[in-house]
Amino acid sequence: MKPIFQMTREEKLQEIVEYSPCRVERSAVLRYLLAVRRNDTEQIAYFESFGKSVRQIILNVRTYERGLIFGYAGKQFNEHGWINGMLPIIEEIKLDTLNTIHIGQSIDGTYAVSIDWSTGYAGGGSHPSVWDEPIRNYKKAVRQGIRLLEQQYCKAERWSVSDRSNYNPKIIRKLKARLVEFKQRYTQPQQLSLF
């Protein structure tokens, strides 16, 4: 298949119409479709600078535009032509080896938080990215990470009623207790002494 920038207007319209966007992609697809229909060369050039196919263009445009919130202005493509929306991790707060708060920071100082969690055989996690909530303050970022783990453990506790192997109640209780300690250490005011 030839790259979209080498296609005729009709071929481009056909490719865009045949693309099945998910709900969050529809706005970007509509903007691209309208640009091609109106023959808006400036907007067409903008979109087609992001990739060789409709899918690649839409995903890269969305990642790039979301990255603007975090202070990223340039288009930095990897060797496969994709924009990476991951933020560098500046700190990992570990409850244990499988339960971690990841704090990422962008070039303008904006933070993003993600977690890794495990409550038996069930678990999940992610890397901080431009798709996470932007947070301007480090302490708020730590609080957000603690809040995310609290929410995940509360869900796991509810699910443990019917599935004790994946959501082990003993492990969940221990993790919640450790999280209370972490919450006190990271968010409570600390007494300082001069001597």
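Residues numbered from 1 in each chain as written. Predicted model: local features only at pLDDT ≥ 70, side-chain atom pairs only at ≥ 80, totals over all residues. Heavy atoms only, no water.

1. What to know about the packing of aromatic side chains
Then step 1. Across all of its chains, the model carries six aromatic pairs by this definition.
Then step 2. A centroid spacing of 5.3 Å and a plane angle of 50° characterise the contact between Phe 50 and Tyr 64, whose relative ring orientation is tilted. One end of the pair, Phe 50, is in the loop between α3 (41-48) and α4 (54-67); the other, Tyr 64, is in helix α4, and 14 residues separate them in sequence. Per residue, the accessibility class of Phe 50 equals that of Tyr 64, and both read buried.
Then step 3. Following the ring pairs from residue to residue traces out a cluster consisting of Tyr 32, Tyr 46, Phe 47, Phe 50 and Tyr 64. (Phe/Tyr/Trp six-rings, centres within 6.5 Å; stacked < 30°, edge-to-face > 60°. Helix = DSSP H or I, 4+ residues; strand = E, 2+ residues; numbered from the N terminus. Buried < 20%, exposed > 50% of the residue type's maximum accessible area, 1.4 Å probe, protein only.)

2. A few points about unusual backbone geometry
Then step 1. Positive phi values are uncommon outside glycine, yet Asn 39 reaches one of about 55°.
Then step 2. Tracing the backbone shows Asn 39 in the loop between α2 (26-37) and α3.
Then step 3. Asn 39 sits in the partly exposed class, given a relative accessible area of 49%.

3. Observations regarding the packing of α3 against α4
Then step 1. Where α3 contacts α4, the two axes come as close as 9 Å, and the packing angle between them is 90°. Looking at the two axes, α3 sits roughly perpendicular to α4. Contact residues: Tyr 46, Phe 47 and Glu 48 in α3; Ile 57, Val 61, Tyr 64 and Glu 65 in α4.
Then step 2. Tallied by class, residues from the contact of α3 with α4 come to five nonpolar, no polar and two charged. (Axes fitted to C-alpha atoms, helices over the stretch in contact; angles between N-to-C directions. Parallel < 35°, antiparallel > 145°, perpendicular 65-115°, else oblique. Contact = heavy atoms within 4.5 Å. Nonpolar A, V, L, I, M, F, W, Y, C, P; charged D, E, K, R; others polar.)

4. Let's talk about the sheet that holds strand β4 (residues 123-125)
Then step 1. Spatially, β1-β2-β3-β4 is the arrangement adopted by the four strands of the open sheet, whose pairing is antiparallel. The open sheet is flanked by β1 (89-94) and β4, the only strands paired with a single partner. Taking the axes of each pair of neighbouring strands and ignoring which way they run, one obtains an average angle of 15° across the sheet.
Then step 2. Two elements, strand β2 (residues 100-105) and strand β3 (residues 111-118), share six bridges in a ladder whose sense is antiparallel. Along β3, the bridge assignment pairs Gly 104 with Ala 112.
Then step 3. Across the face of the sheet, helix α5 (residues 138-159) comes into contact with β1, β2 and β3 while running at roughly 30° to β3. (Pairing = 2+ DSSP bridges.)

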